[in-house]
Each structure stands twice: as C-alpha cells, then as structure tokens.
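Listed here are the chains, written in short residue letters.
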Amino acid sequence: MHSTLLIGPYDWDAERLPQDEFRERIQNLWAQIPAEDLAAVVVYGDSRNHAELGYLSNLVPKLGPAFMYIPREGEPGLLVSGAPNMLPAARRLTWIEKVEPLRDAGKTALQWIKESAPSGESASRRRVALIGGDAMRAALYRPFVETFGPENRPVDVASSLRTLMRYKRPRELALMREACTVLTATKNSLLEGVRFGAGVTAVMLEAERAAYHSGAQDVRTLFSLDGGKTLRPFEAPVDIAVDPLQAYIAVRYAGYWVEGFVVAASAPHPTWTQANEALKAVIQIAKAGTPCRELANLAEGRVESYGPHPMTAGSVGNSIGCSLEEAPQLRGTSNEKLEAGCVYTLRVGASDGREHHAVASAIIAVHHQATDVLWSSV
C-alpha cells in the first residue's frame, strides 16, 4: 500500500551520498545512450513513482510532480511542484543547485536546452530522452510531448537507467545493509508485541513506530487474519490478538527498500518450519550465474509435502533497491540468471491448503565469488 503522506527524513546527506556519486551515475547513464542528437534527458517523478528521479537527484517529491533536466553538457536542474516560497525546503532534498517552480515542463526544458547548447548549434538537437513517462498523467504527458513537435518526439530510455540501477555501487550496498538493520528492529518490535499478547493493530503500529524511530523514510505493512493464507492492509482497527501472526514489512531507508515476511508464533508452526528450511536451501545455491528457474523450482520442490503458498507459487522473488520490485522476477519460467553486483529479495512459502500457511524471506547480495545474506527471517 502506498503511503498517503511521506513523513520520514528525506534531506540529502552529503556524507552518505556525495555529489560525485550522483555525477558518476549520470555519466554512466549517458554512456548507455548512443544517440548523439539527444540534447538532454528529462526524468519525471511524483510521490508514488520516483525511483529513477531519486537515484539521480536524491529528490523524493512529497506533494506533487517533479522533473529533472540533465543536459549532455552542463549542470542539471529541477522543476518542483509548489509555490516559490517552498523552494528552500525542496533544495534540502537534493544536491542540485538549480531548483525552480514547476510551471510548463516542456517549455522550460526547451529554454534550458537553448541556454546550455554550444553557440551556433543546430535546432535539430532539441530532441530529449524521457524517463518516467509511463507514470505521467495524460494532462502532463501530452503537453510535454507536444512542446517538442512530432519530429522531435522524446525518446524513452528508462530501460537503460533501470538496468544500471540493478547493479549496486559500494555506497548503495552499504545503505541497504543499514536498511536491513532497520528491518530487523521493526521485526523485533513485532515479535515482542505478539509475545505480550497485544492486538494486531497495536502490534503493527508499534512495529511501524520502531521503523521510523530507526530512521525509516517509509514503512509499509500487511498482516494476516486467516492463518497466513492472505495478507491485508489496515482497513479498520483489529483489537484481537492473533497467534501465529503472519506479517509483511517493507521499509525504505536513505532511498533504498528492503522487505521481509515474518511469522510470530508462541508454539511450533509446521509450515513456517518447512518454509524456513526451503529458504535455506534456496540461499545455498543462490550464486552469480544460478538460473532463476532453478531457484524457483527448488523452492517448490522443498515444500512439496505441503505445497507452495499462493503468494509465492511460480516465483521466488526479484531484484530490489530504489524500487521494491526491480527486474528480473525470479520465476520458474525465466531464462535470467543471478548476477554479481545485484541485491535480491527471496521469498518461499508453504501451505497445507487448509489452516496452516507461511512465507519466509531473505535479502541477499550476490558477488562474483560469494553471496552475502543481508537479512533473513530464518
């Protein structure tokens, strides 16, 4: 469930992610765009879809849309929603110095192209690449595209950036390790609440509070009231205690997501035990070059005495980072392989089809010679 209001700490931390980090990311992006007639890349983001924008600018638009302008040569700029008196608050969220109010993104981009173009450059270099266009509302997308005319329609290069984002740089991996520490604190709070017999709402709210206290920017939770068969978001207060309680927790920390499935139980839970054992087997073979289908097939084979959980049938996870779901999906039908430099979330579920259901999970970082378990519910 998407958070209605983003309340966590989003200010740019120059010690964790200095300017050089973002400038190298931009250089790597341009290296993936061979078209010499492209004058700039424009990146769109809003409060719901901002992984690419955050990756390049650190900005997370809390209230309305934002656009990042990246010229082939010169300094990038940002257009943010809100009145001019809100600009100082927006500037604290990014390393970019040129931050202006969002009015007409297309016309502003054209003006910035003219300002940054070398003297005497042909007007044919007005073409831009666009990232995030698939998330733009029609009321924004249509006038933006029409500004450039039919002969200079923006080129979608989102796939090039998303491929780069899969491979975690050293600072990114360090932040994801810290995010897993926040996830552990959140899980421990949940386990403690169930142990003391608190109601579901109290347990989940206290877990979310622990996440924010540990520095989380965003927290998303789900819980089960039917023995782990299905998970739901908050719709109404639930005062009853549930044991065992199957829960899902996702936290974003410093721009990076991690997630985990947890079962809090006061007594042995057979499907949880089998899901955990199957997860351990999957982690054992999760190395650079391992086919995704091999992981998925092993997971289902190891829970055969019960059966796969409906939520995990056919898939054992996906890549994770600035988005909760990055490519590839680790499906039993996939031809993809695990790659060094990527971080994956693994999920294994077991179900008896009646009363007992459970999902276990882990976060792993795959390297050339080894695999690190960053977090595990085992």
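Residues numbered from 1 in each chain as written. Predicted model: local features only at pLDDT ≥ 70, side-chain atom pairs only at ≥ 80, totals over all residues. Heavy atoms only, no water.

A. Representation of helix H10 (residues 292-302) within the structure. Of the residues making up H10, those classed as buried are Cys292, Leu295, Ala296 and Ala299. Seen from one end, H10 has its buried residues packed into an arc of 95°, which puts them on one side. Against helix H9 (270-285), strand E10 (315-319), strand E11 (326-331) and strand E12 (343-351) lie the buried residues of H10. (Buried < 20%, exposed > 50% of the residue type's maximum accessible area, 1.4 Å probe, protein only. Helix = DSSP H or I, 4+ residues; strand = E, 2+ residues; numbered from the N terminus. Arc of directions from axis to C-beta. Contact = heavy atoms within 4.5 Å.)

B. Structural view of the pattern of salt bridges. Across all of its chains, the model carries 18 salt bridges by this definition. Arg169 is the salt-bridge partner of Glu21, the closest N and O atoms lying 2.5 Å from each other. Within this pair, whereas Glu21 is found in helix H1 (residues 19-31), its partner Arg169 is found in the loop between helix H6 (158-166) and helix H7 (170-195), the two being separated by 148 residues in sequence. Here Lys98 and Glu115 are joined by a salt bridge, their closest N and O atoms 3.8 Å apart. On the criterion of sequence distance, the pair formed by Lys98 in strand E4 (residues 98-101) and Glu115 in helix H4 (residues 105-116) is long-range, its members being 17 residues apart. Owing to a relative accessible area of 30%, Lys98 belongs among the partly exposed residues under this scheme. According to the relative accessible area criterion, Glu115 is exposed, its value standing at 52%. Through salt bridges with shared partners, one network takes in Glu21, Glu24, Arg25, Arg169 and Arg171. (Salt bridge = Lys/Arg side-chain N within 4 Å of Asp/Glu carboxyl O.)

C. Layout of the pairing of strand E3 (residues 77-80). Alternating residues of E3 divide into Gly77 and Leu79 and Leu78 and Val80, and every residue in both groups is buried. Direction of pairing for strand E2 (residues 66-71) relative to E3: antiparallel, over a ladder of 4 bridges. Bridge pairing in E3 links Met68 to Leu78. Count of turn residues in the E2/E3 antiparallel hairpin: 5 residues, of which Gly74 carries a positive phi of about 115°. (Pairing = 2+ DSSP bridges.)

D. Expanded view of the side chain of Arg166. With respect to the helices, strands and loops of the structure, Arg166 is situated in helix H6. Within the structure, the side chain of Arg166 is placed 2.6 Å from the side chain of Glu339, a separation counted as a polar contact. Apart from the residues within four sequence positions on either side, Arg166 is in contact with Ser319, Glu326, Ala327, Pro328, Glu336, Glu339, Gly341, Cys342 and Val343. (Polar contact = N/O pair within 3.5 Å; in protein donor to acceptor, adjacent residues only side chain to side chain.)

E. Focus on the packing of aromatic side chains. Tallying each qualifying case throughout the model produces 7 aromatic pairs. Ring centres of Phe67 and Phe144 lie 5.8 Å apart, and the angle between their planes is 20°; on these two criteria the pair is classed as stacked. With a gap of 77 residues between them, Phe67 in strand E2 and Phe144 in helix H5 (residues 138-147) connect regions that are remote in the sequence. A single burial state applies to Phe67 and to Phe144, both of which are buried. One aromatic cluster in this structure is built from Tyr44, Phe67, Phe144 and Phe148. Arg25 extends its terminal NZ or CZ atom over the ring of Phe22, reaching a point 5.1 Å from the ring centre. The ring of Tyr55 has Arg25 sitting right over it, with the charged end atom 4.3 Å from the ring centre. (Phe/Tyr/Trp six-rings, centres within 6.5 Å; stacked < 30°, edge-to-face > 60°. Lys NZ or Arg CZ within 6 Å of the ring centre and 35° of its normal.)

F. A look at the layout of surface pockets. Space inside the largest pocket adds up to approximately 970 Å³. As for the largest pocket, its lining consists of 41 residues, and the residues nearest its centre are Arg220, Ser323, Leu324, Glu325 and Glu326. Considering every element that reaches the lining of the largest pocket, the biggest residue donor is H6, with 5 residues. Considering only residue class, the lining of the largest pocket consists of 16 nonpolar, 13 polar and 12 charged. (1 Å grid on protein atoms, 1.4 Å probe; cavity = no way out; pocket = protein on both sides within 12 Å on 5 of 7 lines; lining within 4 Å. Points joined across faces, edges and corners; volume = space filled by probe spheres on them. Nonpolar A, V, L, I, M, F, W, Y, C, P; charged D, E, K, R; others polar.)

G. Main features of the packing of H7 against helix H8 (residues 200-213). For the pair H7 and H8, the least separation of the axes is 8 Å and the interaxial angle reads 155°. Compared by their axis directions, H7 and H8 come out roughly antiparallel. Helix-helix and strand crossings are classified by hand; for H7 and H8 the assignment is right-handed. Mapping the contact onto sequence places Val182, Ala185, Thr186, Ser189, Leu190, Gly193 and Val194 in H7 and Val203, Met204, Glu206, Ala207, Ala210 and Ala211 in H8. For the contact of H7 with H8, the per-class residue count stands at 9 nonpolar, 3 polar and 1 charged. (Axes fitted to C-alpha atoms, helices over the stretch in contact; angles between N-to-C directions. Parallel < 35°, antiparallel > 145°, perpendicular 65-115°, else oblique. Left-handed = near helix turned anticlockwise from the far one by under 90°.)

H. Representation of the sheet that holds strand E1 (residues 40-45). Strand order in the open sheet formed by 6 strands is E4-E3-E2-E1-E5-E6, with mixed pairing between adjacent strands. Taken across any chain shown, the strands that pair with only one partner, and hence form the sheet edges, are E4 and strand E6 (155-156).

I. Region of interest: empty space enclosed by the protein. Inspection of every chain in the model, using the stated rule, returns 2 cavities of 30 Å³ or more. A volume near 50 Å³ is recorded for the largest cavity. Every residue lining the largest cavity is listed: Ala296, Ala299, Glu300, Val303, Pro308, Thr312, Ser315, Val316, Arg347, Val348 and Gly349. Counting residues per element, the ones that place at least two in the lining of the largest cavity are H10, E10 and E12. Considered as a void within the structure, the second largest cavity measures approximately 40 Å³ in volume. If you trace the second largest cavity, you find it lined by Val42, Phe67, Met68, Tyr69, Leu79, Ala105, Thr108, Ala109, Trp112 and Phe144. At the level of elements, E2 and H4 are the ones that each hand at least two residues to the lining of the second largest cavity. A per-element tally of the lining of the second largest cavity places H4 first, with 4 residues. Residues that form the lining of the second largest cavity fall into these classes: 9 nonpolar, 1 polar and no charged.

J. How the structure looks around the environment of Lys114. Summarising the element assignment, Lys114 is placed in helix H4. Exposure remark for Lys114: the relative accessible area of 59% places this residue in the exposed category. For the pair formed by Lys114 and Ala39, sequence separation is 75 residues and the distance between their alpha carbons is 9.5 Å.

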